[in-house]
Amino acid sequence: MFSDDFGGAAGTGVNRSDWLYDTGTGYPGGAGNWGTGEVETMTDSTTNVYQDGSGHLVIKPVNSNGSWTSGRIETQRTDLAAPAGGQLQVTASIKQPSPANGLGYWPAFWMLGAAARPVGATNWPSIGEIDVMEDVNALSEEAGTLHCGVNPGGPCNETNGLGSGLRACSGCQTGYHTYSVVIDRRNTSAEQIRWYLDGTNFFTVNESQVGTSTWQAAVDHGFFVILNVAMGGGFPNGVCGCGTPTGSTSSGAGMSVDYVAAYATSSSTPPPTGGGTDAYSTIQAEGYSAASGVATETTTDAGGGQDVGWIANGDWAEYDGVDFGSSAATQFRARVASGAGAGISGLVQVRLDSRSAAPIGSFALANTGGWQSWQTIPANITGVTGKHTVFLTFSSGQPADFVNVNWFTFGH
């Protein structure tokens, strides 16, 4: 439904046709300090929000003589919704800020119900808030939360919400990790929201926990996505009890975002049949049916599992029974890394049913900063439906290894 890989030139802002900037200290007509007690002023300056020229968005808080500025952006679209009988997945690959002293840092990837925008979120929390990832005080942790109903109290225990609580997220400040939420409406009388870290479900909220009317008002509609780094406020202060940020808090540690994407399946999209692999799931590279010239290893980042490495020109991996359904897949995305030397690069190619078939899509890759320096690279593919054997093939003009692959997936 939506994606941004932040491929703009270094030092540029985000595409304003896709994103809008929140500026100041609150929505017009809404609560001050964004309703949370945070202390920064949000700007649209590239000092605070910029693309780094290497496929990342950076949101950076800056302290200037005791006054903090930072960045907060929202998708222009407010129609990111799970259809009745279907599902919505909203996901992002993020490296959390890593300041030397992080008291008061509050990075977040989250969603608000569409009805919040016209009224400055004065109808919060009834219109729904889904926090996909939050951390505070640079603890290398994360939390997922649903806000709903009334404030204070209500079925979502506001203002805290129904949440996982902060939980360990090892390596989340030193590498990119995938944070996702799935709104599942396949059973419209027993809907649920699931939170994932690197593909592992760690928290779930069911419709029955809050009641049908509250759930429908909070969940069964469109959302817009928000990325921001706040400073101070109720959440970080509540965790440390120290009136954050302090004079010792480090300035200028940015949250880096590799990509943001939203996917939906509708009731008209049949599930995979015959026990095959869902093309739209995360397909682990080491789960190949057959391969040549490759080997597996454990990734160095927590939650990364295994990757397939030592890949060079002519190597390949085969994945049997990948089911694309009846709605054509048009996108391919893979998490890859490269420590290849200068001048060494190659292609990651997707072929169907035969290693000698013409590729339906590919992307080029050179050194990413190391064999465990992961990036998620997108590519367009020729539309494909039905069930196929998928081959990843690798082509390079040099004999040296040029890529490791952690996982891949397809999209509409």
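Overview of the structure. (Residues numbered from 1 in each chain as written. Predicted model: local features only at pLDDT ≥ 70, side-chain atom pairs only at ≥ 80, totals over all residues. Heavy atoms only, no water.)

## Focus on the pattern of salt bridges
When the charged atoms of two side chains lie near each other, side chains of opposite charge can form a pair.
So, point 1. Counted according to the given criterion, the structure contains nine salt bridges.
So, point 2. Among the ionic pairs, Glu191 bridges to Arg185, the shortest N-O distance being 3.0 Å.
So, point 3. Overall, Glu191 belongs to the buried group, its relative accessible area being 1%.
So, point 4. Residue class for Arg185 comes out buried when judged on its relative accessible area of 12%.
So, point 5. Via salt bridges that share partners, Asp184, Arg186 and Arg194 belong to a single interconnected network. (Salt bridge = Lys/Arg side-chain N within 4 Å of Asp/Glu carboxyl O. Buried < 20%, exposed > 50% of the residue type's maximum accessible area, 1.4 Å probe, protein only.)

## Regarding the state of the cysteines
So, point 1. Scanning all chains against the criterion turns up three disulfides.
So, point 2. In this model, Cys169 is linked to Cys172 through a disulfide, with the two sulfur atoms separated by 1.7 Å. Here Cys169 and Cys172 share a disulfide; its torsion about the S-S bond, -55°, makes the bridge left-handed.
So, point 3. Each sulfur of the disulfide joining Cys240 and Cys242 lies 2.0 Å from the other. In this structure the cystine formed by Cys240 and Cys242 twists about its S-S bond by roughly -85°; its chirality is therefore left-handed.
So, point 4. Cys242 sits in the partly exposed class, given a relative accessible area of 31%.
So, point 5. Taken in N- to C-terminal order, the disulfide-linked cysteines of the chain are connected 1-2, 3-4, 5-6. (Disulfide = S-S within 2.5 Å.)

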